[in-house]
Amino acid sequence: MSVQMFLLLLLWSLRVTDTTTGTWRQCADLLPLDLLSFVLERDTSKLVPGVHMKQALGVRGVHFLSPDAPLSFSSSQILVNCDLFPKEFSIISTFKVNHSTPKRNEYIFSLLEAKTVKSAEEVVEDTLGMEMMRNFSGEAQQAKKKTRSHEEPGRLILGLKLSQNGRLHFLFKGQGEAAEPRVFRDARLADNEWHTLVLAIGRHHTRLTVDCKSPLEITSSRPFPSDLNIQRSRFHIGSRGRWKGLFSGLLRQLVLVPNSDATHQICPSLDPQLAALSIPPLLLDRPVRRKQSDRPKVSSEAAQRVSVALERSCSELQQGQMWFNPLRKGLYVCNGSVWITVLEGRGSRSMHEQVLFLFSLLVTSSFHAERERLDYVLEHQVLTTSSETHDVEVFQVPGLGLMAAMAHRSPASGSALYLWTQSGFQLYQNISTHGALAWRHFRMGKKVFLVVSNSGAGADFSVVYKWSNRRKRFVHLQTLQTFCARDWEAFNIEQHSYLAVANHRQGDNNHTINSVIYRWNRSIKSFEVHQMLLTSGAYDWEFFTVGPYHFLVVANAFDGVTTSVDSIIYVWINGKFQVFQTIKTFCATDWEMFRIGSRVFLVVANGHRLHGNGPSQYTINSTIYELDMSGQLFVRFQDIVTHSAVDWEFFSLGEEHFLVVANSYNGESYSLNSILYRWQGYEGFVPVHWLPTIGCSDWEFFSSNGESYLIYSSAKAPLSKVFKLKTY
């Protein structure tokens, strides 16, 4: 035997010995995983093959046409850097199944081992199963032909299915080869109604909660296995990876919550049959659901398919939906690409217009019964910039007006300041920068200042500028040493002015370095080092005050190995910042503090999950935390699925409160919807508007002459966009 062959066998035997002595890594410390969004949002502009979006009882869900490949994905894409399935977890699912109970076992989802080859008998069985489904649409027939193969998914590791008698079965791989079932015989869910269930799996207990009612519980002497190996396994949504077992109902929500009983996260609920932890954005744009007795006297189809708005997009996803424009008094239907006029009011108050007016009263009354005001986001200005832009800062200069500072990537063009006019932002001043990443404006007394974060090659410095009333320009004031500075924060404590810089890295690899707090020295009129704080790939600082206490929180993004690092909240004590609380984040890129009434919140933008040389996961949860006054710490309030989020912006319009997120990348595309969320009290923040963006890097809210606006910057295209907010 050659030396090389001997060494290979030795290494292999060591690996086998190692893996059989308990070195498998358990999946732990994971955020909730939205399985349905993971397959639906690979391309946000259209549905993936194998599904149709349907609406029932005014609620959207997906209907599965085939067990298509895009509805399957490797478990390692979401269960990263681990080998064993969580020992405890919950599954949240919202679905609707018709009165006629399933004629065969149907899988809501399954987790399968690596593929094997079908036997000849199984091929025949699957062909017969396909013959039984000839009543499917032509599109489904085509999909079936594409998926016919002699390759069969492997053995079941985990699954959730409805049996032929409509009962819910939870299955998992036991000690032998066969799957072990836990059957809830009293849960009959095939009744043509929407239901939300929470299935909580413990060591010996399996608890099912349907529509936030009293739970059903199964106690088993045989525990759920703690060594469920998921290497090379795949999730299949809506099937068991083949035609036999395809789910025939509508699926709206499917979330895996590791290491937690998630019942308390969605229950109690004002609408328990539709209680939600995470719904794919494509399924959220739905009319208000009402009881039959509460609906206005229009056809049930119209009540489900008519929307009221000043503008609506028409695509394949909206085909067949109707739109009423209250200004034009026009009714339109979407044919899959354009709006076709059904009725449109013109000229004098004719019978034609009166019919439209009556229709508008009927439809809008059905919406305003629950929502007193409707909000619209209209594109106001497309601003062409000289380079891609990492950040935009909007601020006021007394005597001049509203300005926006754009942090441009290109050193050749530098960065630019824009002045707000009646026609939008107009170029006002160019400033030489080097790979600018952020601007921050601040005031000291009546004077206005700007500080820029430079990050270009060899640009280990950032610059403070001062507004010159005489020259009507920003002029150089001071240069400060920084290291790939990502952000500046300005604040005042006890009548002293401070600047905090987020130093991201020194050189190419050293991310664990000092970020610096500077203090303004009035006598020499410059900033001096006040305190250094050790950070890990720092991305952002956020300063805020609660009562007499001053806080500063850093977004730590990367320590050189992993993005799973602690971000730190500091509190000001005796003239210095000291650690108050640490929070686990995943490539944290931004913190935003906001208040609603007397409540204090922090929201973090999590960029992506990465460990070592493993794959990056960009579709993950960003989290809102609330300050527990009695416990004196921030506790988790709400998780929101984001796509490499890089910024949050909070703002209020009247008595309503909003958050908008900058979604920048989903692993495949930079062209994504950034989402505007509205505060709904007990329900937290819910999505209300989807704004198309390209590599969105920052959002800023501002007001001018009684009107409200949002502006976003793009890190992947030389443009920024201004949106006008209309509230009725």
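The model shown is predicted, which means the values in this text are computed figures rather than measured ones. (Residues numbered from 1 in each chain as written. Predicted model: local features only at pLDDT ≥ 70, side-chain atom pairs only at ≥ 80, totals over all residues. Heavy atoms only, no water.)

**Quick notes on the overall build of the protein**
Stage number 1. Per the secondary structure count, the protein includes 7 helices and 48 strands.
Stage number 2. A buried classification covers 56% of the 728 residues belonging to the protein.
Stage number 3. Accessible area for the protein stands at about 32600 Å²; split by element, carbon and sulfur atoms hold 50% of it. (Helix = DSSP H or I, 4+ residues; strand = E, 2+ residues; numbered from the N terminus. Buried < 20%, exposed > 50% of the residue type's maximum accessible area, 1.4 Å probe, protein only. Areas by Shrake-Rupley, 256 points an atom, 1.4 Å probe, with all protein chains shown as cover.)

**Focus on the pairing of strand 3 (residues 59-64)**
Stage number 1. With 6 of 6 residues buried, strand 3 lies mostly within the body of the structure.
Stage number 2. Covered by surrounding structure in strand 3 are Val59, Gly61 and His63 together with Arg60, Val62 and Phe64, the residues of both alternating faces.
Stage number 3. Pairing geometry for strand 2 (residues 51-56) and strand 3, over 6 bridges, is antiparallel. Across the sheet, residue alanine 56 finds its bridge partner in strand 3, namely valine 59.
Stage number 4. Of the strand pairs in this sheet, strand 3 and strand 16 (residues 250-258) are connected by 2 bridges, and their pairing is antiparallel. Pairing of histidine 63 across the sheet is with leucine 250, part of strand 16. (Pairing = 2+ DSSP bridges.)

**Things to note about the pattern of salt bridges**
Stage number 1. Per the counting criterion, the structure on display carries 15 salt bridges.
Stage number 2. Between arginine 25 and aspartate 83 there is a salt bridge, and its shortest N-O distance comes to 3.3 Å. Of the two residues, arginine 25 sits in the loop between helix 1 (3-19) and strand 1 (33-34) while aspartate 83 sits in the loop between strand 4 (72-74) and strand 5 (89-96), which places them 58 residues apart along the sequence.
Stage number 3. For the salt bridge of arginine 440 with glutamate 393, the shortest nitrogen-to-oxygen distance reads 3.6 Å. Linking arginine 440 in strand 26 (residues 438-444) with glutamate 393 in strand 22 (residues 389-397), this pair joins segments that are 47 residues apart in sequence.
Stage number 4. Members of the salt-bridge network, linked through shared partners, are Glu393, Arg440, Asp487 and Glu489. (Salt bridge = Lys/Arg side-chain N within 4 Å of Asp/Glu carboxyl O.)

**Topic: unusual backbone geometry**
Stage number 1. The peptide bond linking cysteine 267 to proline 268 adopts the cis configuration, its omega dihedral lying at 0 degrees.
Stage number 2. For proline 268, the location among the structural elements is in the loop between helix 5 (263-266) and helix 6 (300-305).
Stage number 3. Positive phi is not limited to glycine here, since aspartate 211 has a value of about 55 degrees.
Stage number 4. Look at aspartate 211 and you get buried, because its relative accessible area is 6%.
Stage number 5. At cysteine 212, a position not held by glycine, the phi torsion is positive, near 60 degrees.

**Some points on the state of the cysteines**
Stage number 1. For the coordinates displayed, the defined rule picks out 2 disulfides.
Stage number 2. Here cysteine 27 engages in a disulfide with cysteine 82; their sulfurs sit 2.0 Å apart. Linking cysteine 27 and cysteine 82, the disulfide has an S-S dihedral of approximately 80 degrees and is accordingly described as right-handed. One end of the pair, cysteine 27, is in the loop between helix 1 and strand 1; the other, cysteine 82, is in the loop between strand 4 and strand 5, with 55 residues separating them in the sequence. Neither residue differs from the other here; cysteine 27 and cysteine 82 are each classed as buried.
Stage number 3. Each sulfur of the disulfide joining cysteine 212 and cysteine 267 lies 2.0 Å from the other. Between cysteine 212 and cysteine 267, the S-S dihedral sits near -85 degrees, and the bridge is therefore left-handed. Of this pair, cysteine 212 sits in the loop between strand 13 (205-210) and strand 14 (216-219) while cysteine 267 sits in the loop between helix 5 and helix 6; the two residues are 55 residues apart in sequence, bridging distant segments of the chain. (Disulfide = S-S within 2.5 Å.)

**Concerning the nonpolar core**
Stage number 1. Ranked by internal contacts, the top residues of the largest apolar core, which has 55 residues, are Phe85, Leu158, Phe170, Phe235, Ile237 and Leu251.
Stage number 2. Ranked by the residues each element gives to this core, the list is headed by helix 2 (residues 35-40), at 5 residues.
Stage number 3. Those residues within four positions of phenylalanine 170 in sequence are excluded, and the remaining contacts are Phe89, Ile91, Leu158, Gly159, Leu160, Glu180, Pro181, Arg182, Leu199, Ile201 and Phe224.
Stage number 4. The next biggest cluster of nonpolar side chains, apart from the first, holds 20 residues, and it includes Val546, Ala555, Ala557 and Leu602. (Core = buried A, V, L, I, M, F, W, Y, C linked by side-chain atoms within 4.5 Å. Contact = heavy atoms within 4.5 Å.)

**Notes on the side chain of glutamate 180**
Stage number 1. Locating glutamate 180 in the fold gives a position in strand 11 (residues 179-188).
Stage number 2. The class of glutamate 180 is buried, set by a relative accessible area of 17%.
Stage number 3. If we skip the residues at most four places from it in the chain, glutamate 180 touches Phe170, Leu171, Phe172, Gly174, Gln175 and Arg222.

**Some remarks on empty space enclosed by the protein**
Stage number 1. Tallied over the full model, the rule gives 6 cavities of 30 Å³ or more.
Stage number 2. Of the volumes computed, that of the second largest cavity is approximately 90 Å³.
Stage number 3. Elements that contribute at least two residues to the lining of the second largest cavity include exactly strand 1, helix 2 and strand 40 (619-628).
Stage number 4. A per-element tally of the lining of the second largest cavity places strand 40 first, with 3 residues.
Stage number 5. The class makeup of the residues in the lining of the second largest cavity is 7 nonpolar, 3 polar and 1 charged. (1 Å grid on protein atoms, 1.4 Å probe; cavity = no way out; pocket = protein on both sides within 12 Å on 5 of 7 lines; lining within 4 Å. Points joined across faces, edges and corners; volume = space filled by probe spheres on them. Nonpolar A, V, L, I, M, F, W, Y, C, P; charged D, E, K, R; others polar.)

**Some points on the sheet that holds strand 30 (residues 485-493)**
Stage number 1. The 4 strands lie next to each other as 30-31-32-33, forming an open sheet whose pairing is antiparallel. Two strands lie at the open edges of the sheet, namely strand 30 and strand 33 (526-536), each paired on one side alone. Strand-to-strand, the axes of this sheet are offset by a mean angle of 20 degrees, without reference to chain direction.
Stage number 2. Here strand 30 runs beside strand 31 (residues 496-503); their pairing, made up of 8 bridges, is antiparallel. Across the sheet, the residue bridging to aspartate 487 is alanine 502, located in strand 31. (Axes fitted to C-alpha atoms, helices over the stretch in contact; angles between N-to-C directions.)

**Side note on the sheet that holds strand 37 (residues 576-586)**
Stage number 1. Here we have 4 strands laid out as an open sheet, ordered 34-35-36-37, and antiparallel in their pairing. The open sheet is flanked by strand 34 (538-546) and strand 37, the only strands paired with a single partner. Direction aside, the axes of adjacent strands within the sheet are offset by 20 degrees on average.
Stage number 2. As judged from the 10 bridges shared by strand 36 (residues 564-573) and strand 37, these two strands associate in the antiparallel manner. Looking across to strand 37, one finds that isoleucine 569 is bridged to glutamine 581.

**Describing the packing of aromatic side chains**
Stage number 1. This structure, assessed with the given rule, holds 50 aromatic pairs.
Stage number 2. When the ring of phenylalanine 544 is compared with that of phenylalanine 551, the centres are 5.2 Å apart and the planes differ by 15 degrees; the resulting orientation is stacked.
Stage number 3. By relative accessible area, which is 5% here, phenylalanine 551 ends up buried.
Stage number 4. Taken together, the ring pairs in this structure connect Phe594, Phe601, Phe637, Phe650, Trp679 and Phe685 into an aromatic cluster.
Stage number 5. The ring centre of phenylalanine 586 lies 4.2 Å from the NZ or CZ of arginine 609, which sits over that ring. (Phe/Tyr/Trp six-rings, centres within 6.5 Å; stacked < 30°, edge-to-face > 60°. Lys NZ or Arg CZ within 6 Å of the ring centre and 35° of its normal.)

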